[in-house]
Amino acid sequence: MPDIIGDGREAWYWLPSVANVNAPTVAEFAAGTRISQWMTKDGASGFAPETADAPTSNIESTFDTNTNGRRTFSNPRLRFKKQAGSDWVYTNMGPDTTGFLARRKSLLAAAAIASAQPVQVFPVICGETSWLDIEDNMPERFDVPTKITAEPKLRAAVA
């Protein structure tokens, strides 16, 4: 099978509510907002899971062995370009705002959400907006740090 080139094929959504993180519905996506249209190219970082080692060897072992321990995410954050006039992200994703981030990969970002599409769902709370320093030839940008508040579902599917 051919490789999937990722350009233009990642969409992020802010969903105010999700009843089942394993199977968010088309209606829940319709009630949300596609926020990736305002993100910078490097606009999502820290959303790759890391798995800690849990030692399984004992005092008599001559080789260190491990199994999977806790999974964690390192400082997940979103980076946005400031919008003139009404700025949906800056207005609606302020500190202490809770909701769900959903990421859909491998399909064109603007394609409609449909049942059975694979997604990742992250229950989050937003941190304080952090403005980035101004740089030449760059739009104004800000970060929204996020804290993952419950176990995310990395192999969910739209219901």
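Preceding this section is the structure that the text describes.
Throughout, residues of each chain are indexed from 1 in the direction in which the sequence is written. Since the coordinates come from a predicted model, pLDDT governs what is reported: local features require at least 70, and pairs of side-chain atoms require 80 or more to be given and counted, while whole-chain, interface and lining totals use all residues. Side-chain figures throughout are based on the complete set of non-hydrogen atoms in the structure, without hydrogens or water.

**Q** Kindly report on unusual backbone geometry, identifying the contributing residues and their values.
**A** Unlike most non-glycine residues, Asn75 shows phi in positive territory, near 50°. Inspection of the secondary structure puts Asn75 in the loop between strand E5 (66-72) and strand E6 (77-81). Residues other than glycine seldom take positive phi values, yet Asn137 does so here, at roughly 60°. Categorising residues by exposure relies on relative accessible area from a 1.4 Å probe, with only protein chains included: less than 20% of the type maximum marks a residue as buried, more than 50% marks it as exposed, and the intermediate range marks it as partly exposed. Here Asn137 falls in the exposed class, since its relative accessible area comes to 80%. Numbered from the N terminus, helices here are DSSP runs of H or I no shorter than four residues, and strands are runs of E no shorter than two.

**Q** Go over the pattern of salt bridges with me, naming the residues and quoting the values.
**A** The salt bridge criterion pairs a side-chain nitrogen of Lys or Arg with a carboxyl oxygen of Asp or Glu, the two atoms within 4 Å. Taken as a whole and assessed by the stated rule, the structure comprises 8 salt bridges. The salt bridge involving Lys105 is made with Glu10; its shortest N-O contact spans 2.8 Å. Remark: Glu10 occurs in strand E1 (residues 10-15) and Lys105 occurs in strand E7 (residues 98-105); sequence separation between them is 95 residues. The partly exposed category is assigned to Glu10, whose relative accessible area is 28%. Across the salt bridge formed by Glu151 and Arg71, the nearest N and O atoms sit 2.5 Å from each other.

Any functional reading would require information that these geometric values do not contain.
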